[in-house]
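Breakdown of the fold
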Amino acid sequence: FLAKKKPAWALKQRNTGKTFFSRDGPIWLDPGNVELKEYLIDIGREIAAAGVDEIQFDYVRFPEGGRGGYVGYRFTGDETFSRDQAMTNFVSEIAAELHYLGVKVSVDIFGIVVWDNVSWKVIGQNVGELAKHVDAIYPMPYPSHFGYGWGGHRNPADEPYFFVQETTKKFVEATKGTQAVIRPWLQGFAMRVTKYGPSYVREQIRALR
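Residues numbered from 1 in each chain as written. Predicted model: local features only at pLDDT ≥ 70, side-chain atom pairs only at ≥ 80, totals over all residues. Heavy atoms only, no water.

1. Considerations on the pairing of strand β5 (residues 136-140)
- Taken across its 5 residues, β5 has 5 buried, putting it largely inside the fold.
- Judged from the 5 bridges that link them, strand β4 (residues 104-110) and β5 form a sheet pairing that is parallel. Residue pairing for β5: I109 is matched across the bridge by P139.
- The pairing of β5 with strand β6 (residues 181-182) spans 2 bridges and is classified as parallel. Across the sheet, residue A136 finds its bridge partner in β6, namely V181. (Buried < 20%, exposed > 50% of the residue type's maximum accessible area, 1.4 Å probe, protein only. Helix = DSSP H or I, 4+ residues; strand = E, 2+ residues; numbered from the N terminus. Pairing = 2+ DSSP bridges.)

Printed below as a string of structure tokens:
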């Protein structure tokens, strides 16, 4: 919606300069755009004034692909910053403004980014760096979001205990030395799960404990 109203705030195709669309259709905003950051900070100020004590930013990341793949788009400052640097700058600038108002700031992070040395670079989620600027990180260690065969596991979606526990441990390790609290989301849906029910959720809770 916002990108259609303000097309200058969107990511651009590297070769054509036209608006970049991800594979499944959505338009992604440019985290390096100064006007966009000011707009979001203004929204944060309004929410803070209403009495909210924590503002959580979801999808603070770049698209993983689209026309031309993840190298097919450009963002403001991409000649100077890597994607993770750009996203960290984006979060730190907004967080600094909201912290000044006494509001806590948190972010959602894909669970997969702490498992390899590629995913976080592609979507720009450097957990250790982001943790320096926020009060809490909400990992999404959904077993279903690990592809078939990941780490030698035939169907990760059927191993809720293992993937939730191991992912959370990796997040705790990655944020050591920062003030960020780790609060994982849990999978409450049946995607790719052979047998889904109450026990599936209980296993995830047990893994966190």
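2. Focus: the nonpolar core
- In this structure, F57, V107, I109, V113, I137 and F171 are the most contacted members of the largest nonpolar core, which totals 41 residues.
- Listed by contribution, the elements that provide at least two residues to this core are α2 (34-49), β2 (54-57), α3 (83-100), β4, α4 (119-123), α5 (127-130), β5 and α6 (160-174).
- Considering each element in turn, this core owes the most residues, 7 residues, to α3.
- The contacts of V107, once residues within four sequence positions are left out, are Q56, F57, V60, V91, V134, A136, I137 and Y138. (Core = buried A, V, L, I, M, F, W, Y, C linked by side-chain atoms within 4.5 Å. Contact = heavy atoms within 4.5 Å.)

3. Digging into the sheet that holds β6
- Here we have 4 strands laid out as an open sheet, ordered β2-β4-β5-β6, and parallel in their pairing. With one partner strand each, in any of the chains shown, β2 and β6 form the two edges of the open sheet.

4. Things to note about the side chain of Q187
- Its place among the elements puts Q187 in the loop between β6 and α7 (198-208).
- At 3.0 Å, the side chain of Q187 and the backbone oxygen of F189 are in polar contact.
- In this structure, Q187 is in contact with Y142, P143, S144, V193, Y196, Y200, V201 and Q204, ignoring residues within four places of it in sequence. (Polar contact = N/O pair within 3.5 Å; in protein donor to acceptor, adjacent residues only side chain to side chain.)

5. Focus on the packing of α2 against α3
- The interhelical angle for the contact between α2 and α3, taken along N-to-C directions, is 35°, at an axis separation of 10 Å. As α2 runs across α3, the sense of the crossing is right-handed. Taken together, the residues of α3 that come into contact with α2 (itself represented by K37, L40, I41, G44 and R45) are F90, E93, I94, E97 and L98. (Axes fitted to C-alpha atoms, helices over the stretch in contact; angles between N-to-C directions. Left-handed = near helix turned anticlockwise from the far one by under 90°.)

6. Let's talk about the packing of α6 against α7
- Where α6 meets α7, the axes come as close as 8 Å, and the angle between the chain directions of the two elements is 30°. Where α6 crosses over α7, the two elements pack in a sense that is right-handed. Facing α6, whose interface residues are P160, Y161, V164, Q165 and T168, α7 presents Y200, E203, Q204, R206, A207 and L208.
- Its residues assigned to classes, the contact of α6 with α7 comprises 6 nonpolar, 3 polar and 2 charged. (Nonpolar A, V, L, I, M, F, W, Y, C, P; charged D, E, K, R; others polar.)

That is the geometry; function is a separate question.
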